[in-house]
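If you want the building blocks of each chain, they are given just below.
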Amino acid sequence: MTRHGAVFAALAAAAALACAAPTAPVREIGKAETAVKGAEQENKTQEAAGLEMTMAREKLERAKQALRDGDKEKAQRLAEEAQVDAELAHVKAESETAQDAALELERSIQSLRGEAERGATMPQ
Amino acid sequence: MRFTNTGLCLLASGGLFFACAHEMNPNVTNAEAAYQMAQSDPLVASKGQVQLYEARKDLDQAKKAFNDDEDKEIVDHYAYLAKRRVDIARATAERSAAQQQVEALGERRDAVVLGARTEEANRARERAAVAELSAESLRAEIADLQAKETKRGLVITLNTDVMFDVDRSELKPGAVSEIQHIADALNSAPERLVRIEGHADSTGSEAHNLDLSKRRADAVAAALVANGVLASRITTQGFGDSMPVATNDTQAGRQQNRRVEIIVQQPHG
């Protein structure tokens with residue numbers, strides 16, 4: 001391989017790498033997008049973490065806008081914040097779901113106990 | 001000179017003091033406080049370990065950015081991430097506590113359901129045993145009363161010649177032991193209703209026969225009640241000579257027609 005050939009190959013490889021791997025802000029926006037979608041899939045998100053969800057969506061949009069405006073650093077910061085907002089909303093929603101399930105179980109135990117007591121005292 | 005030196009020193013250290021303590025970004029201070037509190041909560045510290053670790057790194061970044069005099073926007077950004085991660089650590093601990101509660105309650109509910117089922121099964125078994133016992137003893141008791149299984153139930157036919165004097169409706173003293181026997185048999189199946197029907201032969205007027213047969217049925221009913229059978233189970237009726245079981249032309253036939261029938265009805269449902 002000639003000296004020129006080697007330089008050319010190195011350049012090509014660098015270019016390919018640049019194309020294949022998204023830049024940090026793009027990667028963070030992708031992660032934020034995933035986090036928002038994940039949180040939205042929980043049933044209790046709106047109820048348990050409406051504010052966090054709104055903030056996450058807003059910041060995600062602002063991150064995309066910042067990227068379009070060429071402010072990569074700002075885009076990355078906003079995307080990172082959107083991620084933690086969405087993640088918090090997600091965990092809160094799961095927590096709410098579990099708490100509801102616990103309440104439901106308590107009620108059903110109460111009513112089962114009531115039934116058992118009525119059954120035991122029922123005239124035969 | 002010495003005095004001046006000290007003054008300078010004081011001045012210098014005073015300036016240094018101000019430089020170090022130029023007030024820390026309040027968002028960083030808040031995030032740090034939240035982090036410390038979460039760290040001292042054993043549940044949060046264990047369940048939110050990863051998030052708290054990340055929060056710590058963000059806090060350090062925030063302080064570094066602050067000390068490097070970076071933009072407030074950047075310091076705030078790291079403080080925000082740190083605070084959020086502390087919140088996530090807390091929410092994670094709450095979620096895990098709730099999930100554990102769900103698990104424990106689920107087990108408790110299963111236990112309650114199982115207990116209720118066992119109890120219900122025991123009660124049903126008891127009821128069945130009692131019913132079986134009473135049905136069996138009724139069959140045994142009634143076997144020697146010459147009872148007949150009919151569509152209407154078990155029919156015990158009493159020979160009125162043995163129990164009543166002619167044309168009378170008071171039980172003879174000798175009938176008492178038989179009535180007692182029947183009462184015991186009836187009480188071994190206390191849920192069954194009892195019908196008592198009086199019948200006469202065709203001698204005498206129809207009205208008289210109807211009246212006599214009814215009074216004899218009532219007398220048997222009263223004797224049964226006196227022997228512990230619940231009055232509410234019993235109904236009586238007189239049929240006079242309207243339902244003969246044999247011919248009224250022979251003495252033997254007429255004797256068969258003079259009778260009181262006790263019908264133990266089949267349980268309903």
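Residues numbered from 1 in each chain as written. Chains lettered and ligands numbered in written order. Predicted model: local features only at pLDDT ≥ 70, side-chain atom pairs only at ≥ 80, totals over all residues.

### What about helix α4 (residues 49-67) of chain B?
The periodicity of an α-helix, 3.6 residues per turn, causes residues three or four positions apart to be oriented the same way.
Residue and element names in this part refer to chain B.
Okay, so step 1: Here α4 contains 19 residues, and its C-alpha end-to-end distance of 27 Å stays within 8% of the 27 Å for a straight helix at 1.5 Å per residue.
Okay, so step 2: When α4 is considered as a whole, its buried residues turn out to be Gln51, Leu52, Ala55, Asp58, Leu59, Ala62, Ala65 and Phe66. The buried side chains of α4 occupy one side of the element, clustering within an arc of 135 degrees when seen end-on. Seen from the open side of α4, the exposed residues pointing more than 90 degrees away from its buried face are Gln49, Val50, Tyr53, Asp60 and Asn67.
Okay, so step 3: Looking one or two places after α4, you find Asp69, whose phi comes out positive at around 60 degrees. (Helix = DSSP H or I, 4+ residues; strand = E, 2+ residues; numbered from the N terminus. Expected span 1.5 Å × (residues − 1). Buried ≥ 20, exposed ≤ 12 C-beta atoms within 10 Å, placed from the backbone. Arc of directions from axis to C-beta.)

### Observations regarding the pairing of strand β4 (residues 234-238) of chain B
Residue and element names in this part refer to chain B.
Okay, so step 1: On β4, burial follows the alternation: Ile234, Thr236 and Gly238 on one face are buried, whereas Thr235 and Gln237 on the facing-out side are not.
Okay, so step 2: Pairing of strand β3 (residues 194-199) with β4, which is carried by five bridges, proceeds in the parallel orientation. Bridge pairing links Glu197 to Gln237 in β4.
Okay, so step 3: As for the winding sense of the linkage, the β-α-β connection from β3 through helix α8 (residues 206-226) to β4 is right-handed. (Pairing = 2+ DSSP bridges. Right-handed = clockwise from strand over helix to strand, strands pointing away.)

### Focus: the packing of helix α2 (residues 24-40) of chain A against helix α3 (residues 45-68) of chain A
Pairs of packed helices are described in terms of their axes, by the angle between the two and the distance that separates them.
All names here are of chain A.
Okay, so step 1: Their axes nearest at 10 Å, the elements α2 and α3 cross at an angle of 155 degrees. As judged from the angle between their axes, α2 and α3 are roughly antiparallel. The hand of the α2/α3 crossing is left-handed. Packed against α2, whose contacting residues are Pro25, Ile29, Ala32, Glu33, Val36, Ala39 and Glu40, the element α3 presents Thr45, Met53, Ala56, Arg57, Leu60, Ala63, Lys64 and Leu67 at the interface.
Okay, so step 2: A per-class count over the contact of α2 with α3 returns 10 nonpolar, one polar and four charged. (Axes fitted to C-alpha atoms, helices over the stretch in contact; angles between N-to-C directions. Parallel < 35°, antiparallel > 145°, perpendicular 65-115°, else oblique. Left-handed = near helix turned anticlockwise from the far one by under 90°. Contact = placed C-beta atoms within 7 Å. Nonpolar A, V, L, I, M, F, W, Y, C, P; charged D, E, K, R; others polar.)

### Looking at the confidence of the model for chain B
All names here are of chain B.
Okay, so step 1: When pLDDT is averaged along chain B, the result is 85, and 86% of the positions lie at 70 or above.
Okay, so step 2: Here residues 1-19 scores under 50 on pLDDT; set against residues more than four positions off or in separate chains, the count is zero contacts.
Okay, so step 3: Both scores are available for the predicted complex, with the pTM at 0.56 and the ipTM at 0.78. (pLDDT = per-residue confidence, 0-100.)

### As for the pairing of β3 of chain B
Residue and element names in this part refer to chain B.
Okay, so step 1: With respect to burial, β3 is a largely interior element, five of its six residues being buried.
Okay, so step 2: The sheet contact formed by β3 and strand β5 (residues 259-264) spans six bridges and is antiparallel. Opposite Gly198, over in β5, you have Val260 as the bridge partner.

### A closer look at the environment of Val36 of chain A
Residue and element names in this part refer to chain A.
Okay, so step 1: With respect to the helices and strands, Val36 occurs in helix α2.
Okay, so step 2: For the pair Val36 and Val84, spaced 48 residues apart in sequence, the C-alpha to C-alpha distance is 9.6 Å.
Okay, so step 3: With sequence-adjacent residues up to four places away left out, Val36 is seen in contact with Ala56, Arg57, Leu60, Ala82 and Ala86.

### Here's the deal with α8 of chain B
Residue and element names in this part refer to chain B.
Okay, so step 1: The terminal C-alpha atoms of α8, which comprises 21 residues, lie 30 Å apart, in line with the 30 Å expected from a rise of 1.5 Å per residue.
Okay, so step 2: Along α8, the residues that are buried comprise Asn209, Leu212, Ser213, Lys214, Arg216, Ala217, Ala219, Val220, Ala221 and Leu224.
Okay, so step 3: On its buried face, α8 is in contact with β2 (153-159), α6 (160-163), α7 (176-187), β3, β4 and β5.
Okay, so step 4: A positive phi of about 100 degrees marks Gly228, the residue just after α8.

### Digging into the sheet that holds β2 of chain B
Paired through backbone hydrogen bonds, the strands of a sheet run either parallel or antiparallel to each other.
Residue and element names in this part refer to chain B.
Okay, so step 1: Spatial strand order, β1-β2-β5-β3-β4: five strands in an open sheet with mixed pairing. Strands with a single pairing partner mark the edges of an open sheet, and in this sheet they are β1 (148-150) and β4. Neighbouring strand axes in the sheet, compared pairwise and without regard to direction, differ in orientation by 25 degrees on average.
Okay, so step 2: Against the sheet, α8 contacts β2, β3, β4 and β5, and its axis sits at roughly 160 degrees relative to β4.

### Things to note about the packing of helix α2 (residues 26-40) of chain B against α4 of chain B
Residues and elements named next belong to chain B.
Okay, so step 1: Look at α2 against α4: their axes get within 10 Å of each other, and the N-to-C directions meet at 155 degrees. Accordingly, the angle class assigned to the pair α2 and α4 is roughly antiparallel. Judged by the twist between their axes, the crossing of α2 over α4 is left-handed. Contacts between α2 and α4 pair Val28, Ala31, Glu32, Tyr35, Ala38 and Gln39 from the former with Leu52, Ala55, Arg56, Leu59, Ala62, Lys63 and Phe66 from the latter.
Okay, so step 2: Here the contact of α2 with α4 is built from residues that sort into nine nonpolar, one polar and three charged.

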